[in-house]
Amino acid sequence: MVIVDDVTKKVTEIKHFDTYLDDASMVRYLKLVIPDNHIILVASSDEMTYNLHEDAKGWLMKYGSQAITGAKFRDNFVMIGQRGLTPGAAVEQLIHRNVEEEFAQVAEIKGCLSVPMGPLTRIEISKPQIGDKSSMEPGWELPNCGLEHPCGPNTFPVHIFTAKGRNNIRNKGPKICVNGQYVLSAGVNDAGRGFNIAIVDPIEIEVVRVGHFDTYAEDSSHLEIFLEMIKEGEIVLAVTHDDASRKLSDHAKHLFNELGSSQIQNIRFRDNWYFVGQKGINGFGDRELLENAGQHGEWPKPLDKKMCIPTRIQGYRIKPDPLVNRNMKRREFCSKFDGYGDFCDVNRVDEPLRPAPLTDRVLQGHAISAVPIVVIPGMNYNGLRMLLETVLMQPGVDPKMVLVTYDEKFYECAELAKVFDFIPIKLNSSGSYIAQMHQAIEAAWKIFPNKESVIILEEDLVLSPDFLYFLAQTYQVVRQDKSLLGISAWNDNGYEEVSTNSTLVYRISSSFPGFAFLLQRAFFENHMKNNQHWCCWRRSWQGWFPGGLNGSEILIPDVSRVFHLPYVTARGQMHSTLSKELFNRKRVTSREQKVQIAHPFSLTREKYEDELFRLIRSSQPIKDANFLQCIMGNLDQRFQPAEKGKVYIVYYEQDEVNDFILLRRLCQCFGLFSLDDYPPRNLHRGLVRFNYFFNEVLLVGSGTEYYVYKPPSIQSLSKDILRTVR
């Protein structure tokens, strides 16, 4: 940046600001140093946007820039502006970097310049409330600042109090009392949001300066100057209120570090913080406390501390946390790409992305931790981000076992995977999602040739907190029972009212649920590899293996362990009635961290048949009149069980096992998946099992092998009932 006097036309100063690291010094210079009407010439080099925040862009706009608002990673930018110009009046050029380029093309301005460059407006600088001994308001007194006993020699009493939230500031706002007098509080020297600071002369033991700096609304330039003016030996008392972190610069944090703070770099949105330091301290002080706000901005606990402060504070050679606790990979990603919502919000961008700690011994060393996870993104990149976050939240997950596949033309997915320390896998460009999916599954076996299973996660999913825990409990059953091809975390019938028992798991043989599933390699090799044109040529939710699972079965939960985002096309329209049926109806997804599956080893083939036989024998037929009305066509009438824990059964007539005419109506009346052009979902040898208002329900057709258990006294539903008009 070159500064030119608008009158003499001479260069007055040449400055360099590395805004890849921090923009605070540039903000301060543009705001407080450059005289009115002076001209600035600006040229960028390499990367300027990484830490170029809204305040810095706003100040460049006060010199006439408009293009700076659109600057992105490694763009090139030049401008000639003048202090007081309206935005857009500067001479400027912004050259965007193409995706395939490492750097943008050269940006250049040359020619003759007229001065003034346009109408100029005097920039008014809002000044913080700073008072010295001559201008400070006298505060109210409290003997010994409320301490029970007087302080000893070479010490003085202090009371520091943070806030109890934004409201009721007059009664519960920030306060600083020094030597029996409150020098900062509501109505006294403008205490309020941001930083409230008192400077104490250690010899006279009197407050020589106070300041209030709203670093939520204003940049921290004035705070930096205030801290830089502190004299050797002076004592600093600081307390925050509401939020002080939003526009707090790294330089201001560094100045607090020099005064003895070891916690200021960790302050986040709405955290409460108090600090006692001293200019010239050797090390870090021990009178400091940071109370974190809730994860979603809930107010933290107030800090209320009464203490005796020595006139010479001892420093300790403790090392503060890494500077500002920055998540550099996340910051760099967010500087390159848009559209990630609160993931890139200034209050979240430095949050670490670490695997959830493993606190449950059940998962300690469990085989599920060694199963690769393959993520297959679509075009919803923010949806992918949400999925990757919930993958990382699974206790026991190993980031080195998570593969994020991506089309070679869409490298943004790879960049996002690296932020989470997952492994990006490039695939050949494909014209369809299903072709990409087949490539991804094949790639998983090539990368992990000795693994017997993989976990597949499709696009637009969010995992439940117990997703991996659910797979862990059922994985041993799959390894033991060779008739099982894998485990699904999705239940096609997992709607409200018919998905009410998160401890239940079923075996099904009619369809492949897809979305999020563990797949056994043996099944893939025998029935899928080189055979996708028959088994899996459509999206998984449209129906893989239309003729059944080739004698195998898959486990599914009663309550899904994965949520699917609403499915829309590129034009925002639903894909079909099928997608509406699957994704637009209200569903149930587990929200618990740890759900114990009921008797997982009863899911082996023989024991599951024994369990079905027990349920059939203990069942009772539904004789509800409303239910019969629903079957006859009044779909508003539904069966409403009066109790819980019962087993209900419905026997119905079929011409053969694949005759679903009456079964579809039954599914409608219970609120299960039901479409005319598709067979019912979740059939186990023709039988449908589900949980309805905390009761087990079995639908048994005459074409199934279970119909032989029907007692002679129980009458089956006849297909003739469909011809009856109410």
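Here the residue numbers are simple positions, counted from 1 along each chain's written sequence. For this predicted model, a pLDDT threshold of at least 70 governs which residues receive local features, and a threshold of 80 or more governs which side-chain atom pairs are given and counted, while totals over whole chains, interfaces and linings are taken from all residues. No hydrogens and no water enter the side-chain calculation; it runs on all heavy atoms of the structure.

To continue, consider helix H4 (residues 221-228). The buried fraction of H4 amounts to six of the eight residues, a majority that puts the element mostly inside the structure. Along H4, the residues classified as buried are Ser221, His222, Leu223, Glu224, Phe226 and Leu227. Buried residues along H4 sit against helix H1 (24-33), strand S6 (129-132), strand S10 (194-201), strand S11 (206-213) and helix H5 (250-258). For every residue, the accessible area (1.4 Å probe, protein chains only) is compared with the maximum for its type, and the residue is labelled buried under 20%, exposed over 50%, or partly exposed between those bounds. Labels follow the DSSP assignment, with helices taken as runs of H or I lasting at least four residues and strands as runs of E lasting at least two, numbered in each case from the N terminus. Here, two residues are considered to be in contact whenever any of their heavy atoms come within 4.5 Å of each other.

This part covers the state of the cysteines. In this description, a disulfide is simply a cysteine sulfur pair whose atoms lie within 2.5 Å. Per the counting criterion, the structure on display carries five disulfides. One disulfide bridge connects cysteine 334 with cysteine 344, the sulfur atoms lying 1.9 Å from each other. The chirality of the disulfide connecting cysteine 334 with cysteine 344 is left-handed, given an S-S dihedral of about -75°. Here cysteine 334 is found in helix H6 (residues 328-336), whereas its partner cysteine 344 is found in the loop between H6 and strand S16 (373-375), with ten residues between them in sequence. Two residues, cysteine 630 and cysteine 669, share a disulfide whose sulfurs are 2.1 Å apart. On the sign convention where negative is left-handed, the bridge of cysteine 630 and cysteine 669, at about -105° about the S-S bond, is left-handed. Here cysteine 669 lies in helix H17 (residues 661-670) and cysteine 630 lies in helix H16 (residues 625-631), a separation of 39 residues in the sequence. Overall, cysteine 669 belongs to the buried group, its relative accessible area being 0%. The connectivity of the disulfide bonds within the chain can be written as 1-3, 2-4, 5-6, 7-8, 9-10, using the sequence rank of each bonded cysteine. The thiol sulfur of cysteine 413 is not disulfide-bonded, and the nearest other cysteine sulfur, from cysteine 344, lies at 14 Å. Between cysteine 667, a free cysteine, and cysteine 669, which holds the nearest cysteine sulfur, the sulfur-to-sulfur gap is 9.5 Å.

Time to look at the environment of asparagine 37. The topology assignment puts asparagine 37 in the loop between H1 and strand S3 (39-43). For the pair asparagine 37 and valine 7, spaced 30 residues apart in the sequence, the C-alpha separation amounts to 8.9 Å.

Here we come to the sheet that holds strand S24 (residues 553-557). Paired strands, as defined in this entry, are two strands with at least two bridges between them according to DSSP. Read across the sheet, eight strands follow the order S18-S17-S16-S19-S23-S21-S24-S22 without closing on themselves; strand pairing throughout is mixed. Looking at which strands have only one partner, the edges of the open sheet turn out to be strand S18 (423-427) and strand S22 (505-508). Neighbour-to-neighbour, the strand axes of this sheet turn through a mean angle of 25°, independent of strand direction. Where strand S21 (residues 484-488) lies against S24, three bridges are found, and the strand directions are parallel. Bridge assignment links leucine 484 to a residue of S24, and that residue is glutamate 553. Running at roughly 170° to S21, helix H10 (residues 467-480) makes contact with strand S19 (453-457), S21, S22, strand S23 (516-520) and S24 of the sheet. Helix axes are fitted to C-alpha atoms over the stretch in contact, other axes to C-alpha atoms as well, and angles between N-to-C directions run from 0 to 180 degrees. Of the strands in this sheet, S21 and S23 touch helix H11 (residues 521-528), which is tilted by about 80° from S23.

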